[in-house]
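# Tertiary structure, described
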Amino acid sequence: MFNNIQYATEVLKKGGLVAFPTETVYGLGADATNEQAISKVFAVKGRPQNHPLIVHIANLQQLNIWATNITKDVITLAKYFWPGPLTLVLAKKATVSNLITGNQDTIALRIPQHPLTLKMLQEFGGGIVGPSANTYGRLSPTTAAHVYNDLGDQVDYILDGGPCTVGIESTIVYINNEQLHILRQGSITANDIYNVLGKNKVNITETTSAIQMPGMIKTHYTPKNPVFLVTTTELSSVVQIMLTRGLKYNYLCLQECPIKPNNFIWQQMPKQAAAYAKNLYAALHSLDTPDIQGIIIERPPQHPSWAAILDRLTRASSGNLSLQTIMTE
Ligand code: TXA
Ligand code: MG
């Protein structure tokens, strides 16, 4: 049984680690009031101590345990989007462990949308820290098997809630009085937030410079193999050249394979952004085979609905591959 909520709760209470499903990605959970357990999360992930963690809570009432300065905007956003893929960064209560926040004076909070995890949060009764359940810098897990393959028995229990439905990490918003800053893009866009708050877009900035955010390093979410982004128009020529040169790459693309794939994998992705996001990490996990030179990815469209996906692909990639650079190599 891998859906035993009572057992998961007991493990957490004893200071153990429980990986849990959310709508975005799987989290690596520990009791947010137990510093020993929190330290284990950092150790198992190999994550630097100054990268703050998100605390997952069960309901709006629990906001007060962790945060101060809970403004009208905070309540409006929380009521509208929670449970859901939005993380709010707020001024922290003095009682919050500095281990969670990396010594910053803010705390990141969210209520995730998954029936098993919501039940676990309710039964547990307190906050659960939950970074994505992967080794530091690697691909986020969207199935229980991804978690097990990466972290194995270092996790005491994996709550299996099936594949994640959103597939990329939550949108992170830092709220400082009237000003909102999107620190990490996700399926909830600036426009969605604008529509709910009825704010002038000028008050919502998509910048990470508003606040110190040590976790948002440039290279992130990476497969083991190098990743290259290629434009739609150059893709088929790139494929031909790689084949002619006897170089083996796997491909993640929107278009069909221009030739019959023989000894490489061509993963054709959905043309709709939400469906693409849902499948993205699983596709990258399966394309990350040991016998290749790298993974070539067709750039998705430059449209706001693809912004979060493009952000993750750019972070995963070692750079752009253009015909010109290949030809001169
Ligand atoms: O969808 C998600 O958010 C998933 C699921 C499991 O909830 N969690 C997740 O956690 O993606 P993690 O640790 O992989 O990414 C959290 C990001 C980090 O980049 C970290 O720097 C940022 O949130 N963060 C956490 N607390 C912060 C704070 N107080 N101020 C600024 N950034 C913060
Ligand atoms: Mg992560």
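Please refer to the structure higher up on the page.
This write-up is about the structure you can find in this document.

A word on the pattern of salt bridges. According to the stated counting rule, one finds five salt bridges in the structure shown. Between R312 and D311 there is a salt bridge; the shortest N-O distance is 2.7 Å. D311 matches R312 in its accessibility class, with the two residues each being buried. Its salt-bridge partner being D311, residue R315 comes within 3.1 Å of it at the nearest N-O pair. Taken as a pair, R315 and D311 lie in helix 11 (residues 307–316) at a separation of four residues, close to a single helical turn. Overall, the relative accessible area of 14% leaves R315 in the buried class. Here the salt bridges share partners, and the residues they tie into one network are E169, D311, R312 and R315.

What follows is about the site of ligand 1. Near ligand 1 lie 24 residues; those nearest to it are T24, R47, H56, S170 and R184. With respect to ligand 1, the side chain of H56 contributes an N or O atom lying 2.7 Å from an oxygen atom. One of the side-chain nitrogen or oxygen atoms of S170 is found 2.6 Å away from an oxygen atom of ligand 1. Considered on its own, ligand 1 offers 680 Å² of accessible surface; in the complex 98% of this is hidden by protein. For the shell around ligand 1, the elements supplying multiple residues, two or more each, are strand 3 (54–56) and strand 5 (106–110). The element that contributes the greatest number of residues to the shell around ligand 1 is strand 5, accounting for four residues. Along the lines of polarity and charge, the residues of the shell around ligand 1 split into eleven nonpolar, nine polar and four charged.

Tracing the backbone shows P131 in the loop between strand 6 (128–129) and helix 7 (144–151). We classify P131 as buried; its relative accessible area is 6%. A sequence separation of 80 residues divides P131 from H51, and the C-alpha atoms of the two residues are 9.8 Å apart. Discounting residues that sit within four places of it in the chain, P131 has contacts with Y26, G27, L28, V41, K45, R47 and L53.

The geometry of an aromatic ring pair is captured by the separation of the ring centres together with the interplanar angle, meaning the angle of the planes. All told, the structure shown has seven aromatic pairs when counted by the stated rule. Both rings, one in F228 and one in Y249, keep their centres 6.4 Å apart while their planes meet at 70 degrees; by these two values the pair is edge-to-face. Of the two residues, F228 is situated in strand 11 (residues 227–230) and Y249 in strand 12 (residues 249–253); the sequence distance between them amounts to 21 residues. The same class applies to F228 and to Y249, which are both buried. Centre to centre, the rings of Y251 and F264 are 5.4 Å apart; their planes meet at 70 degrees, and the pair counts as edge-to-face. Separated by 13 residues along the polypeptide, Y251 in strand 12 and F264 in the loop between strand 12 and strand 13 (266–268) bring together distant segments of the chain. Residue class for Y251 comes out buried when judged on its relative accessible area of 2%.

Okay, the side chain of S170 next. Looking at the secondary structure, you find S170 in the loop between strand 7 (157–158) and strand 8 (171–176). In terms of polar contacts, S170 uses its side chain to reach the side chain of T87, at 2.8 Å. The contact partners of S170, leaving out residues within four places of it in the chain, are T24, I54, P85, L86, T87, R110, R184, Q185, G186 and R312.

What follows deals with the sheet that holds strand 13. A sheet is described by the order of its strands in space; here five strands give the open sequence 13-12-14-11-15, paired in parallel fashion. Either end of the sheet is taken by a strand with one partner, and the two such strands are strand 13 and strand 15 (319–320). Across two bridges, strand 11 lies against strand 15 in parallel orientation. From the neighbouring strand, F228 faces strand 15, where its bridge partner is G319. The strands that helix 10 (residues 273–287) touches are strand 12, strand 13 and strand 14 (294–298); relative to strand 12, the one it contacts most, it runs at about 175 degrees.

For helix 6 (residues 115–124), every residue scored as buried is listed here: L116, T117, L118, M120, L121 and F124. Those residues of helix 6 that are buried lie in contact with helix 1 (5–13), strand 1 (18–20), strand 2 (27–31), strand 3 and strand 6. Positive backbone phi, at 85 degrees, marks G125, one or two positions downstream of helix 6.

The next subject is the environment of C253. Relative to the assigned elements, C253 resides in strand 12. Under the relative-accessibility criterion, C253 is labelled buried at 1%. Taking the C-alpha atoms as reference points, C253 and T165, separated by 88 residues in sequence, lie 20 Å from one another. In this structure C253 touches L235, W266, Q267, Q268, M269 and E298, once residues within four positions along its chain are discounted.

The rules behind the values
Residues numbered from 1 in each chain as written. Chains lettered and ligands numbered in written order. Predicted model: local features only at pLDDT ≥ 70, side-chain atom pairs only at ≥ 80, totals over all residues. Heavy atoms only, no water. Salt bridge = Lys/Arg side-chain N within 4 Å of Asp/Glu carboxyl O. Buried < 20%, exposed > 50% of the residue type's maximum accessible area, 1.4 Å probe, protein only. Helix = DSSP H or I, 4+ residues; strand = E, 2+ residues; numbered from the N terminus. Near = heavy atom within 4 Å. Polar contact = N/O pair within 3.5 Å; in protein donor to acceptor, adjacent residues only side chain to side chain. Areas by Shrake-Rupley, 256 points an atom, 1.4 Å probe, with all protein chains shown as cover. Nonpolar A, V, L, I, M, F, W, Y, C, P; charged D, E, K, R; others polar. Contact = heavy atoms within 4.5 Å. Phe/Tyr/Trp six-rings, centres within 6.5 Å; stacked < 30°, edge-to-face > 60°. Pairing = 2+ DSSP bridges. Axes fitted to C-alpha atoms, helices over the stretch in contact; angles between N-to-C directions.

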